[in-house]
Each structure stands twice: as C-alpha cells, then as structure tokens.
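What follows is the residue order along each chain.
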Amino acid sequence: MGFPFYIPFIVLGLLIFISAFFIVKQQTAVIIERFGKFQSIRHSGLQIKIPLVDRVAGRLSLKIQQLDVIVETKTLDDVFVRLKVSVQYKVIRDKVYDAFYKLDYPHDQITSYVFDVVRAEVPKMKLDDVFVKKDDIAIAVKAELNEAMLNYGYDIIKTLVTDIDPDAQVKAAMNRINASEREKVAAQYEGDAQRILIVEKAKAEAESKRLQGQGIADQRREIARGLEESVEVLNKVGINSQEASALIVVTQHYDTLQAIGEETNSNLILLPNSPQAGSDMLNNMVASFTASNQIGEAMKEARNKKNNKE
C-alpha cells in the first residue's frame, strides 16, 4: 500500500488556512496590503487575512518612544557646546496610514528638525543663557516638530534638553572662575570673622582696663581711708601727724620687704632696709609735696597777673 498522493495537498491546505490568522499585540497597528496595495489597518487581537492575497506590510508601535539627538553648535560668545535633546513622540492612532507611507525614516526627519531649531536658537544666546534658558530651547524644538510632524502622523509629546556639554577647556575655565569666586567669598567671611575677633578682643581689653583702673582707684581710696583712720588713732594716743605718717611709712616699708622675701620666684630687688629709710622716704615725700604746691601757687599767681594786664 503506497503513500496517499493527496496528503501533501492536505498539509499545504492546512498551512494556508493557518496563515490566514495572525495576532496583533496591544498598542500596535498592523498594515495589511492586497497585491501591494493598502487594504486595511488592524489593531490588537486575533485578526484574519486572505491567504496568498493579503500580506502584513508592516507593524507600527503606538507607544510613546524617545529619540536622543546630540547637536553641536556655537553660542553667541563663540563657545562650542554639545546639547543632548530628547524627543518623546508617538504615532497618532488615527493617522497610522500617514505615519507608515509618508515617511521611510521618521528618526532622520525628527533629527533634521532638531538640528535646524537648535542651531537657529543657541547662536542667539551666551553660554550662561543656554543653561538658564534650556527650557526655551526645548519649547522651540517642540513647536517646530509638532507643526512639521503632525502631517506625517506623529505627535510630539515632549522635548527635553537633558545635557549641555561645553568644550573641555571652557568647562575648566568655568570651574576656575567658580572656585575663585568661592575663595573670594571665603576670604571675605574669614576677614569679617577676624575683624569681629579683633573688635571683641579690643572691647574686652578696654573693659578689663576699665575694671582694673576702677579696682586700683578703689584700692587706693581704701588705702587712703585706712591711713586716715590710722593717723586719727595715733593722734588720740599723743602722736602727732608727722610722727604718725613716719610710723605708717616705715610699717608699709617693712611689710613690702616681707612680701618680697616670701616670694621664692621673685627676681633680685635691692631696697634700703635701715630704720632711717622710712624717715628719709617720708621727708622726701613731704619735700616733693611742698615743692609741688609752691610751683602750683607760682603758676596760679603768674596766670592772674597776665589776666589783669589784659
């Protein structure tokens, strides 16, 4: 018994029948042509075409896609800069036919428009303005692309200037400028801090001197009051003022010698320590006060005579 001759025809018929069915994925459009002529557009799900007559000419994604375009151009201040422009676009669902048949290479078309707009806008700006106004560049690119690509079935969702890369030497110069500015600000702050420290230190020293002077004045006032009381006490026991002053001076003299002798780390100081030393110091002080008073009276008398002559 031989192999039935009709088996190959059955298999071929099954293959042809199966080829009539095809599946379209979600967010995808399939273009069907019949004998090379556009027939229909099929969307997601199980679809049927006439075998050997219809064919799948192409598939277009309806998802949002992104195209990154790098453009090198020159700014108004003659700085070469590279901009990375990201274009987000999608095929309009109702214009799949235009998107498939009107453009062979949509990426090249979009890239050309991006180059044209960027090289028209950036040369109008200085480098610093390019960083500040990058959103303006993106808006200009989107407006130009929308107007041009809408006729081809493409919708421009968003355009973004995602990177601005000046020449390496320019970036190094900008970094040096930035570093210099920061060093300048740091130096100003440091100078202000030093000035504040100096002012505060001066205020503290002035306050210290004032308090020290006040303390010395209070000390001398108390010493004078104590001496006055000492003289009054000695006068009550029959010692006159001159003798009392001599006694006090001698007592202070020996107290000073005792205080110096108790200080083990003190330098060598030579002071008179004879009993007559106190009396001599008192006599010298009295003579000095007397001479000072006489000079003061003479100056006062001379001033009065001069005023009378005038």
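Residues numbered from 1 in each chain as written. Predicted model: local features only at pLDDT ≥ 70, side-chain atom pairs only at ≥ 80, totals over all residues. Heavy atoms only, no water.

A.B. asks: Teacher, can you tell me more about the pairing of strand 2 (residues 28-34) here?
C.D. replies: On any regular strand, side chains alternate: one points to one face of the sheet, the next to the other face. Of all seven residues in strand 2, six are buried; the element is thus mostly enclosed. Where strand 2 and strand 5 (residues 54-61) come together, seven bridges link them in antiparallel fashion. Along strand 5, the bridge assignment pairs alanine 29 with leucine 60. (Buried < 20%, exposed > 50% of the residue type's maximum accessible area, 1.4 Å probe, protein only. Helix = DSSP H or I, 4+ residues; strand = E, 2+ residues; numbered from the N terminus. Pairing = 2+ DSSP bridges.)

A.B. asks: What should I look at first to understand unusual backbone geometry in this one?
C.D. replies: Excluding glycine, residues mostly carry a negative phi; peptide bonds, for their part, are mostly trans. Non-glycine residue leucine 52 carries a positive phi angle of around 65°. Here leucine 52 is to be found in the loop between strand 4 (45-48) and strand 5. Residue classification places leucine 52 among the exposed positions, given a relative accessible area of 72%. Positive phi, normally seen in glycine, also occurs at aspartate 78, with a value near 60°.

A.B. asks: Is there a simple way to explain the sheet that holds strand 2 in this structure?
C.D. replies: Adjacent strands of a sheet form backbone hydrogen bonds with each other and so pair up, either parallel or antiparallel. Across the sheet, three strands lie side by side as 3-2-5; this open sheet has antiparallel pairing. This sheet does not close on itself; its edge strands, each paired only once, are strand 3 (37-42) and strand 5. This sheet shows a mean twist of 25° between the axes of neighbouring strands, independent of strand direction. (Axes fitted to C-alpha atoms, helices over the stretch in contact; angles between N-to-C directions.)

A.B. asks: Looking at this structure, I do not really get the sheet that holds strand 7 (residues 80-91). What am I missing?
C.D. replies: Ordered in space as 6-7-8, the three strands form an open sheet in which the pairing is antiparallel. Pairing within the sheet leaves two strands with one partner each, and these edge strands are strand 6 (65-74) and strand 8 (154-166). Taking each pair of neighbouring strands and ignoring which way they run, the sheet shows an average axis angle of 20°. In this sheet, strand 7 lies alongside strand 6 in antiparallel orientation, the contact comprising 10 bridges. Of the residues in strand 7, the one forming a bridge with lysine 74 is phenylalanine 80. Strand contacts of helix 3 (residues 106-121): strand 6, strand 7 and strand 8, with the helix running at about 35° to strand 6, the strand carrying the most contacts. Where helix 5 (residues 134-149) meets the sheet, it contacts strand 7 and strand 8, and its direction lies at approximately 145° from that of strand 8. (Contact = heavy atoms within 4.5 Å.)

A.B. asks: Explanation requested: a nonpolar patch on the surface in the structure shown.
C.D. replies: Taken together, the side chains of Tyr6, Phe9, Ile10, Leu14, Phe17, Ile18, Phe21, Ile23, Leu46 and Ile48 make up a nonpolar region of the molecular surface, amounting to roughly 1,100 Å² of accessible area. Counting only elements with at least two residues in the nonpolar patch, the list comes to helix 1 (7-18), strand 1 (21-24) and strand 4. A total of five residues in the nonpolar patch trace back to one element, the largest contributor, which is helix 1. Inspection of the secondary structure puts isoleucine 48 in strand 4. With a relative accessible area of 51%, isoleucine 48 lands in the exposed category. (Patch = residues over 30% accessible without salt bridge, like charges linked within 9 Å, V, L, I, M, F, W, Y side chains within 5 Å. Areas by Shrake-Rupley, 256 points an atom, 1.4 Å probe, with all protein chains shown as cover. Salt bridge = Lys/Arg side-chain N within 4 Å of Asp/Glu carboxyl O.)

A.B. asks: Where do I start with the environment of glutamine 39 in this structure?
C.D. replies: Locating glutamine 39 in the fold gives a position in strand 3. For glutamine 39, a relative accessible area of 34% translates into the label partly exposed. C-alpha of glutamine 39 to C-alpha of alanine 57: the two residues are 18 residues apart in sequence and 9.9 Å apart in space. Filtering out sequence-adjacent residues up to four positions away, glutamine 39 remains in contact with Ile32, Glu33 and Arg34.

A.B. asks: Is there a simple way to think about the nonpolar core in this case?
C.D. replies: Proteins that are soluble and globular tend to have nonpolar side chains buried together. Within the largest apolar cluster, 34 residues are counted, with the highest numbers of intra-cluster contacts made by Leu83, Ile110, Val114, Val118, Ile137, Val141 and Leu145. Secondary structure elements with two or more residues in this core: strand 2, strand 6, strand 7, helix 2 (96-101), helix 3, helix 4 (127-132), helix 5 and strand 8. Residue contributions to this core peak at six residues, all from strand 7. The contact partners of leucine 83, leaving out residues within four places of it in the chain, are Val69, Ile70, Val71, Thr73, Val118, Val122, Val130, Ile137, Val161, Asp163 and Ile164. (Core = buried A, V, L, I, M, F, W, Y, C linked by side-chain atoms within 4.5 Å.)

A.B. asks: Which parts of the structure should I look at to understand the pattern of salt bridges?
C.D. replies: Here the idea is simple: oppositely charged side chains can pair when their charged atoms come close. Scanning the model with the defined rule gives six salt bridges in all. Residue lysine 74 pairs with aspartate 78 through a salt bridge whose shortest N-O separation is 3.6 Å.

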